[in-house]
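Next come the chains, spelled out residue by residue.
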Amino acid sequence: QVQLVESGGGLVQPGGSLRLSCAASGSIFSINAMGWYRQAPGKQRELVAAITSGGSTKYAFSVKGRFTISRDNAKNTVYLQMNSLKPEDTAVYYCNAGFSLYRTGDYWGQGTQVTVSS
């Protein structure tokens, strides 16, 4: 089993920034990809960004140029730097870990609330 512990959510004004962190522990030998999903009320869960251990990334079109995903392999930690936040970014953000950049992983964090409001 893999455990994912998230931090960094909160309330920010439009145009502000937040950085989310997710640390993986447990049986992490099979983890190659980590990323972030989000789910807003009444909407489906969607992929925000993901990254492999080699540094390959993918982003949702809606966050390109504003969000940056990074990974510290030594610490088994993934980060999501969120800049120029918009009210539309308001959601619960979930860390995810698995094998492939192109498939949802089997492991999830507990979720952290991000609220963008004036």
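Coordinates for the structure precede this section.
From a predicted model like this one, the values you see are computed outputs, not experimental measurements.

**Student:** Give a detailed account of the environment of Pro87, specifying residues and quantitative values.
**Tutor:** Its location among the elements puts Pro87 in the loop between strand S8 (77-82) and strand S9 (91-98). Among the residues examined, Pro87 registers a relative accessible area of 45% and is labelled partly exposed. As a C-alpha pair, Pro87 and Val116 span 29 residues in sequence and 4.8 Å in three-dimensional space.

**Student:** Please set out the pattern of salt bridges residue by residue, giving values where relevant.
**Tutor:** For the structure on display, the rule yields three salt bridges. A salt bridge links Asp89 to Arg38, with the nearest nitrogen and oxygen atoms 2.9 Å apart. One end of the pair, Asp89, is in the loop between S8 and S9; the other, Arg38, is in strand S4 (residues 33-39), and 51 residues separate them in sequence. Taken individually, Asp89 and Arg38 each receive the classification buried, so the pair is uniform in this respect. One salt bridge in this structure joins Asp89 and Arg66, with 2.8 Å as the shortest N-O distance. Of this pair, Asp89 sits in the loop between S8 and S9 while Arg66 sits in the loop between strand S6 (57-59) and strand S7 (67-72), and the two are 23 residues apart along the sequence. Neither Asp89 nor Arg66 differs from the other in exposure class; each is buried.

**Student:** Give me the side chain of Thr77: which residues, what numbers.
**Tutor:** Here Thr77 shows up in strand S8. Only 2.9 Å separates the side chain of Thr77 from the backbone oxygen of Lys75, close enough to count as a polar contact. Excluding its chain neighbours within four sequence positions, the residues that come into contact with Thr77 are Cys22, Ala23, Ser70, Arg71 and Asp72.

Rules and cut-offs
- One numbering rule holds for all chains: residues counted from 1, following each sequence as written.
- In keeping with the model being predicted, local features are shown solely for residues with a pLDDT of at least 70 and side-chain atom pairs are shown and tallied solely at 80 or more, while totals for entire chains, interfaces and linings include all residues.
- Side-chain descriptors were evaluated using all non-hydrogen atoms of the structure, hydrogens and water having been removed beforehand.
- Elements are defined by DSSP. Helices are runs of H or I of four residues or more, strands are runs of E of two residues or more, and each kind is numbered from the N terminus.
- Buried residues are those whose accessible area, probed at 1.4 Å on protein chains only, stays under 20% of the maximum for their type, while exposed residues exceed 50% and partly exposed ones sit between those limits.
- What makes a salt bridge here is a side-chain nitrogen of Lys or Arg within 4 Å of a carboxyl oxygen of Asp or Glu, nothing more.
- Pairing of N or O atoms within 3.5 Å defines a polar contact, subject to two protein rules: one partner must be a possible hydrogen donor and the other a possible acceptor, and residues neighboring in sequence count only if both atoms are side-chain atoms.
- Contact definition: two residues touch when any of their heavy atoms are within 4.5 Å.

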